[in-house]
Amino acid sequence: MSKTIAGFQGTLIGPAHAEYETARRVWNGMIDRRPVLVARCASASDARAALAFARREGWPIAIRGGAHNVAGNATVEGGVVIDLSRLKGLQLDRERRLAMAEPGLTWGELDAGTQTAGLATTGGLISTTGIAGFTLGGGIGWLMRKHGLTADNMVGAEMITADGEQVRACENENPDLFWALRGGGGNFGIVTRFDYQLHPVGQVFGGLTMYPVTRAGAVLRHFRELIEAAPDELTMMLAFLTAPPAPFVPAHLQGKPVVAIVLCYAGDLQEGERVVRPIKTFGPPAVDLLGPMPYVALQSMLDAGAPAGLQNYWKASYLAGLSDAAIDLVVEHASRMRSPLSQVHLQHMGGAVGRVAPGATAVSHRDALMALNIVAIWPSPTEAEIEAHTRWAREFDQAIAPHTTGGVYVNFLGNEGEERVRAAYGQKTYARLVEVKTKYDPDNVFRMNQNIRPR
Ligand SMILES: Cc1cc2nc3c(=O)[nH]c(=O)nc-3n(C[C@H](O)[C@H](O)[C@H](O)COP(=O)(O)OP(=O)(O)OC[C@H]3O[C@@H](n4cnc5c(N)ncnc54)[C@H](O)[C@@H]3O)c2cc1C
């Protein structure tokens, strides 16, 4: 393989390069692949040059944004990683409330930029997550019940197709591609710019409460009541986790399993205080960190629970409802968590997410009440550990299956095969995605993803 790429201005990192060991890695420490080259782009034209080079040489290609996807598709065994993580340009159009963002930005960086204008769009719960893969799969975040998923706020994109053409996708240009990019993942090309609709967001009423896990059943039933009455401004998640040894956690709960309600009320602060009062009085919680806070503080509040490089195995689904039987199963299996790093998330959906017509974008399952994510995390890659933690997640997933819709959020999928990718979209949307894929990437050049195979 030649060590240069004509016209490439960024950094080429091969196995002999000092940074190779870190450059080949992604957020999920379970992924251990050795690309032949990481092409760390300095510009969109670098991405085009790297793509042409990899195609010419016949190497498989991975596209990298924030490298957070748990399946590890941002790196590739024996292929070329087109690494866009250094492309961090951001332009704001304050008047039209638009952000033009390059694909290497993380949510922390994008939020920091848009908040200088008192604006934001729906973004990730962990600030180190990349905007790129996140947006292309849908984008669940604290503003979604008020303003829709991130993909719903993407109003345009610039992209390099498999044959190196630069195209724009928006409502009036290549509308089929624009439809597919909003949910269809990285299947269609390399996105070099995302255009987002922004919204005024100042302080939010947010934070979390924690309860001992022995109260989990009662807290889940309370959560069920809360979501029935929740206005669009309120987005909530219930999480099983281990309480950190932090000063705000009472000594007797530190290092112990707890159940938390995490939330964001994006609206009038006094009204937010009123709406969440039942959460503050229920129990009462052992930890109450609910209050007014800057949006960026909420966006990074959970970062400590998601460090890079640990072993990660996730099983996700959408819950059709939260019956007593489903609650009992969640409590039973979540309480058997094998690692203090593992978590279980129940993310309340609905609101503006559910009001987008089915089929209007490639994001499916908009009628789901809740996204369940069983997140097994542990430090050591020994066989015994892998077996114990993956078994916990699989058994939980199997037990809860009768209470799920059968669908899944594509961005929470691991390497689970074609059937699960189809389940993420449903038959109709999947068939339409195949058509767009066949038009823009007939040779399946972009296949390190939750792959939609061309005809
Ligand atoms: C700690 C953590 C927290 C998370 N929190 C949330 C959350 O709150 N809400 C939520 O919805 N999801 C969440 N996720 C899931 C997240 O949406 C996915 O992991 C997503 O893939 C992250 O995007 P990325 O750019 O960091 O990923 P990457 O791994 O870099 O990319 C994922 C895939 O997207 C495609 N891709 C990336 N960049 C481009 C590009 N420029 N052009 C074309 N294709 C591209 C490629 O196929 C690539 O394999 C979280 C994940 C983690 C690990």
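Novice: With reference to specific residues and values, describe the site of the ligand.
Specialist: Taken together, 34 residues are adjacent to the ligand, and G65, A67, N69, I140 and Y409 come closest. Take G66: an N or O atom from its main chain is 2.9 Å from an oxygen atom of the ligand. Within the backbone of N73, an N or O atom sits 3.3 Å from an oxygen atom of the ligand. The fraction of the free accessible surface of the ligand (950 Å²) that becomes covered by protein chains is 95%. For the shell around the ligand, the elements supplying multiple residues, two or more each, are β3 (61-64), α4 (131-137) and β10 (190-197).

Novice: Explain the side chain of N373 to me, using residue names and the numbers behind them.
Specialist: Along the chain, N373 turns up in strand β19 (residues 370-378). Excluding its chain neighbours within four sequence positions, the residues that come into contact with N373 are W314, K315, A316, Q343, V344, H345 and F412.

Novice: Describe empty space enclosed by the protein, listing the residues and the values that go with them.
Specialist: Under the definition given, this model contains two cavities of 30 Å³ or more. A volume near 60 Å³ is recorded for the largest cavity. If you go around the largest cavity, the residues you meet are G137, G183, Y318, A362, V363, S364, V408, Y409, V410, A424 and Y425. Put simply, the second largest cavity is a space of about 50 Å³. Along the walls of the second largest cavity sit I140, L149, Y318, M349, V353, V363, S364, H365, R366 and Y409, which together make up its complete lining. In terms of residue class, the lining of the second largest cavity is made up of seven nonpolar, two polar and one charged.

Novice: So what's going on with the pairing of strand β18 (residues 343-348)? Residues and values would help.
Specialist: Along β18, six of the six residues are buried, which leaves the element largely enclosed by surrounding structure. Where burial is concerned, the two faces of β18 agree: the one with Q343, H345 and Q347 and the one with V344, L346 and H348 are both buried. Sheet analysis places strand β13 (residues 234-242) next to β18, joined by four bridges and oriented antiparallel. In the sheet register, F240 faces β18, and the bridge partner there is V344. When β18 meets β19, the two strands line up antiparallel, connected through six bridges. If you follow Q343 over to β19, its bridge partner there is V375.

Scoring rules and cut-offs
- Residues numbered from 1 in each chain as written.
- Predicted model: local features only at pLDDT ≥ 70, side-chain atom pairs only at ≥ 80, totals over all residues.
- Heavy atoms only, no water.
- Near = heavy atom within 4 Å.
- Polar contact = N/O pair within 3.5 Å; in protein donor to acceptor, adjacent residues only side chain to side chain.
- Areas by Shrake-Rupley, 256 points an atom, 1.4 Å probe, with all protein chains shown as cover.
- Helix = DSSP H or I, 4+ residues; strand = E, 2+ residues; numbered from the N terminus.
- Contact = heavy atoms within 4.5 Å.
- 1 Å grid on protein atoms, 1.4 Å probe; cavity = no way out; pocket = protein on both sides within 12 Å on 5 of 7 lines; lining within 4 Å.
- Points joined across faces, edges and corners; volume = space filled by probe spheres on them.
- Nonpolar A, V, L, I, M, F, W, Y, C, P; charged D, E, K, R; others polar.
- Buried < 20%, exposed > 50% of the residue type's maximum accessible area, 1.4 Å probe, protein only.
- Pairing = 2+ DSSP bridges.

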